[in-house]
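Working through the structure, step by step
For reference, the chains in residue letters:
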Amino acid sequence: MLDKIRNDGQYKQLMKLIENYIQKATELGGFHGLSENESEELHKLTLLAEDYEDNVLNVMPLTVTINVIVQQKINELNITQGKLAEMFGMGQAKISQILNGKREPDVPFLKAIHQKLGIDGNFILDRV
């Protein structure tokens, strides 16, 4: 078993192994169908791939911003920015400016998204 991926060839081989495990799990109806050893090996392989992607390929996860999460919540609730502004007791222009990145979210806005939309406070704190 590899302890570190050193080149693209090893990375491609590792990804084929991961794909094989995923295919097998799919055929068995889920990852619970894999043996304990297979699950452990898959876990180790994914950690190796992640390390290589982060440190060599520079594949970074997409940044999830407060704006993106609030937009997603608006879509889930099937409401308009105007309705959101009403829920928050704020002006629609302010909401629009914040969601379009033209204005920084202030404390009342952050408090409202936590209380009214149920967005985790830790997530909010990590992004301001």
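Below is a summary of the structure that appears in this document. (Residues numbered from 1 in each chain as written. Predicted model: local features only at pLDDT ≥ 70, side-chain atom pairs only at ≥ 80, totals over all residues. Heavy atoms only, no water.)

Now for the packing of aromatic side chains. All chains considered together, the criterion is met by two aromatic pairs. Relative to Tyr52, the ring of Tyr11 lies with its centre 5.1 Å away and its plane at 25 degrees, an arrangement referred to as stacked. Of this pair, Tyr11 sits in helix 1 (residues 8–27) while Tyr52 sits in helix 2 (residues 36–55); the two residues are 41 residues apart in sequence, bridging distant segments of the chain. On the numbers, 5.8 Å between centres and 70 degrees between planes, the contact of Phe88 with Phe109 is edge-to-face. Here Phe88 is found in helix 4 (residues 81–88), whereas its partner Phe109 is found in helix 6 (residues 107–117), with 21 residues between them in sequence. Classification of Phe109 as buried rests on a relative accessible area of 0%. (Phe/Tyr/Trp six-rings, centres within 6.5 Å; stacked < 30°, edge-to-face > 60°. Helix = DSSP H or I, 4+ residues; strand = E, 2+ residues; numbered from the N terminus. Buried < 20%, exposed > 50% of the residue type's maximum accessible area, 1.4 Å probe, protein only.)

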